[in-house]
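Analysis of the macromolecular model
One-letter residues, chain by chain:
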Amino acid sequence: FCVLMDSTTATAELGWTTYPSQGWEEVSGYDENMNTIRTYQVCNIFNSSQNNWVRTKYIRRRGAQRIHVQMKFSVRDCSSIPNVPGSCKETFNLYFFESDLDKATKLYPPWMENPWVKVDTIAADESFSQVDLGGRIMKINSEVRSFGPVSHNGFYLAFQDYGACMSLIAVRVFYRKCPHIIQNGAVFPETLSGAESTSLVAARGVCVPNGEEVDVPIKLYCNGDGEWMVPIGRCMCKAGYEAVANGTVCKACVTGFFKAAQGDHKCLQCPINSRTTSEGATNCVCRNGYYRTESDPPQMPCTTVPSAPQNVISIVNETSLILEWSSPKESGGREDVVYNIICKSCGSRRSGCTRCGDNVQFIPRQLGLTNTRASEPETFWLLNCTQKSYSFNYRQICLI
């Protein structure tokens, strides 16, 4: 909360205005810790028809819509006073008056309920007697009341006594607000509570730097007690950044680490055979001679080209060729090695070759083979043109 006025901090006389002059009196007193403070006292219980007022100085509201007043006071127990008249009271009234300017005088505003607005009648939970005072025992009441909405630049408070023997020990005036906070990855500004005790004031949040909205709008609500509640939406760190400091900061991934997508997860270390070129990386690039396919996830290690197939065997008859081979000695780090077959037709003098025509049939298929056996009716193949070649009936077949 934020304090607008606190009588206990006064180093000199409070200088509040009283009416009539024989009513409230400013005196030095003590709080519950026996610290010297300035107080106002009144005790005209033997005179009937009391109407004693004391008014604070002008208090600026500083944007607050609802004002809280904490009062510490002590009230004499009427039954402990000998020969007390029936008009003795153990309560007093609290009022406020709004104004855009500090223009109060001894007679303005008039000392009556209208134009003053009554907040409440304040009753003591405990009262004191002469025995309590003699034993240095202070029974101090503390009550808090609030009022609103207020809309003018400031206001005055007034306390009305109508027949009590009491001491107004301390008055503190304050308003509540929700503090600046970072929650759910978003920054929410300091927000004043609403005009009513049940009000919820919405505050829009802004993602922390390098954060991105996940659900919109991003909101928190400030309740009448100055507490945040009802979070809506959130922000997450974008790709290349991770949440640190309990989600209040999105920090760039350090060199050698990456984060591929928005989310709460941490940066990951680059997989084998890859690296980053700067901080805040969203992926790791493969080192020279290593590669990824388009379908490989970014956390998968980079791999290199497999070696040639091994132990190539061909079985030829009049109309077909069957090829068999063993897996490469080195897979390049991959488990999804596939094989492609290329067929070329060459002249009788072996002078230049061209791709086979459409009459060539591949079983089970020409490209993307996963087994190590294939056949070709009506033609012949040459396995692994770059590593080893065969010629059958002037046809060349390559296995890659």
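What comes next is a walk through the structure. (Residues numbered from 1 in each chain as written. Predicted model: local features only at pLDDT ≥ 70, side-chain atom pairs only at ≥ 80, totals over all residues. Heavy atoms only, no water.)

1. A closer look at the sheet that holds strand β14 (residues 181–183)
The condition that has to hold: Think of it this way: DSSP has to see at least two bridges between two strands before they count as a pair. Starting at the N terminus, helices and strands are each numbered in turn, a helix being any DSSP run of H or I of at least four residues and a strand any DSSP run of E of at least two.
In spatial order, the strands read β14-β15-β18; together these three strands make up an open sheet with antiparallel pairing. Only two strands of the sheet have a single neighbouring strand rather than two, namely β14 and β18 (206–207). Bridge analysis of β14 against strand β15 (residues 186–188) gives three bridges, and the strand direction is antiparallel. Following the sheet pairing, Ile 182 is matched in β15 by Val 187.

2. Some details on the nonpolar core
Where we set the bar: Residues grouped as a nonpolar core are buried Ala, Val, Leu, Ile, Met, Phe, Trp, Tyr and Cys residues, joined through side-chain atoms within 4.5 Å. For every residue, the accessible area (1.4 Å probe, protein chains only) is compared with the maximum for its type, and the residue is labelled buried under 20%, exposed over 50%, or partly exposed between those bounds. In this analysis, two residues are considered to be in contact whenever any of their non-hydrogen atoms come within 4.5 Å of each other.
Ranked by size, the top nonpolar core spans 31 residues in total, and within it Trp 16, Ile 67, Leu 157, Phe 159 and Val 173 carry the most contacts. Those elements that place two or more of their residues in this core are β1 (2–6), β4 (36–43), β7 (67–75), β8 (91–99), β11 (154–161) and β12 (165–175). Residue contacts for Trp 16: discarding those within four places in its chain leaves Met 5, Ser 7, Tyr 40, Val 54, Arg 55, Thr 56, Lys 57, Phe 159, Leu 168 and Val 171. Within the second largest apolar cluster, eleven residues are counted, among which are Val 312, Tyr 339, Ile 341 and Val 360.

3. Side note on the pairing of strand β28 (residues 320–326)
For strand β27 (residues 310–316) and β28, the ladder comprises five bridges, and the chain directions are antiparallel. The partner of Ile 313 across the bridge, within β28, is Glu 324. Here β27 hands over to β28 after three residues, the two strands then running antiparallel side by side.

4. Re the side chain of Arg 334
Note the cut-off: Definition of a polar contact: a pair of N or O atoms within 3.5 Å, with one able to donate and the other able to accept a hydrogen when the atoms are protein atoms, and with sequence-neighbouring residues admitted only if both atoms are side-chain atoms.
Along the chain, Arg 334 falls in the loop between β28 and β29 (341–346). There is a polar contact of 3.0 Å between the side chain of Arg 334 and the side chain of Asp 296.

5. Quick word on the state of the cysteines
Note the cut-off: The definition used for a disulfide is geometric: two cysteine sulfur atoms within 2.5 Å.
Tallied over the entire structure, the rule returns eight disulfides. Between the sulfur atoms of Cys 78 and its disulfide mate Cys 88 the distance is 2.0 Å. Sign of the S-S torsion, about -80° for the bond between Cys 78 and Cys 88, identifies this disulfide as left-handed. Of this pair, Cys 78 sits in the loop between β7 and β8 while Cys 88 sits in the loop between β7 and β8, placing them ten residues apart in sequence. In terms of burial, Cys 78 and Cys 88 fall into one category: buried. Disulfide partner of Cys 207: Cys 235, at an S-S distance of 2.0 Å. With the S-S dihedral at roughly -80°, the linkage between Cys 207 and Cys 235 falls on the left-handed side. Of this pair, Cys 207 sits in strand β18 while Cys 235 sits in strand β20 (residues 228–237), and the two are 28 residues apart along the sequence.

6. Some details on the environment of Gln 361
Along the chain, Gln 361 turns up in the loop between β30 (353–355) and β31 (373–377). Sequence separation between Gln 361 and Ser 320 is 41 residues, and the spatial gap between their C-alpha atoms is 9.6 Å.

7. A word on the pairing of β4
Note: strand β3 (residues 25–30) against β4, six bridges, orientation antiparallel. Bridge pairing in β4 places Gly 29 opposite Ile 37. Of the strand pairs in this sheet, β4 and β12 are connected by four bridges, and their pairing is antiparallel. Directly across from Tyr 40, in β12, lies its bridge partner Leu 168.

8. Some thoughts on the packing of aromatic side chains
Our working rule: The aromatic pairing rule takes the rings of Phe, Tyr and Trp, using the six-membered ring of Trp, and pairs them if the centres are within 6.5 Å, calling planes under 30 degrees apart stacked, those over 60 edge-to-face and the rest tilted. Here, over-ring charges are defined by two tests on the NZ atom of lysine or the CZ atom of arginine: distance to the ring centre within 6 Å, and angle to the ring normal within 35 degrees.
Considering all chains together, one arrives at 16 aromatic pairs under this definition. When the ring of Phe 1 is compared with that of Phe 174, the centres are 4.9 Å apart and the planes differ by 50°; the resulting orientation is tilted. Here Phe 1 is found in the segment before β1, whereas its partner Phe 174 is found in strand β12, with 173 residues between them in sequence. Its relative accessible area of 3% is what places Phe 174 among the buried residues. Ring centres of Trp 53 and Trp 116 lie 6.1 Å apart, and the angle between their planes is 45°; on these two criteria the pair is classed as tilted. Here Trp 53 is found in strand β5 (residues 52–55), whereas its partner Trp 116 is found in the loop between β8 and β9 (117–123), with 63 residues between them in sequence. Grouping residues by exposure puts Trp 53 and Trp 116 together as buried. These aromatic residues form a ring-pair network of at least three members: Tyr 19, Trp 53, Tyr 95, Phe 97, Tyr 108, Trp 111 and Trp 116. Geometry around Tyr 156 places Arg 55 over its ring, the cationic atom sitting 5.7 Å from the centre.

9. Quick notes on unusual backbone geometry
For the bond from Tyr 19 to Pro 20, the omega torsion is -10°, close enough to zero to count as cis. Geometrically, the link from Tyr 108 to Pro 109 is a cis peptide bond, its omega value of -5° lying close to zero. With respect to the helices and strands, the residue Pro 109 is situated in the loop between β8 and β9. If you check the backbone angles, Asn 311 has positive phi at about 50° while not being a glycine. Structurally, Asn 311 is set in strand β27. Given the relative accessible area of 57%, Asn 311 is considered exposed.

10. Notes on the sheet that holds strand β19 (residues 211–222)
The test is simple: Think of each axis as a best-fit line through the C-alpha atoms, taken over the contacting stretch in the case of a helix, with angles from 0 to 180 degrees between the N-to-C directions.
Strand order in the open sheet formed by three strands is β17-β19-β20, and the pairing between neighbours is antiparallel. Each of the sheet's edge strands pairs with one partner strand only, and the pair in question is β17 (201–204) and β20. Taken pair by pair, the neighbouring strands of this sheet meet at an average axis angle of 20°, ignoring direction. Of the pairings in the sheet, the one linking β19 to β20 comprises seven bridges and is antiparallel in character. Bridge pairing in β20 links Glu 212 to Met 236.

Distances and angles like these do not, on their own, reveal function.
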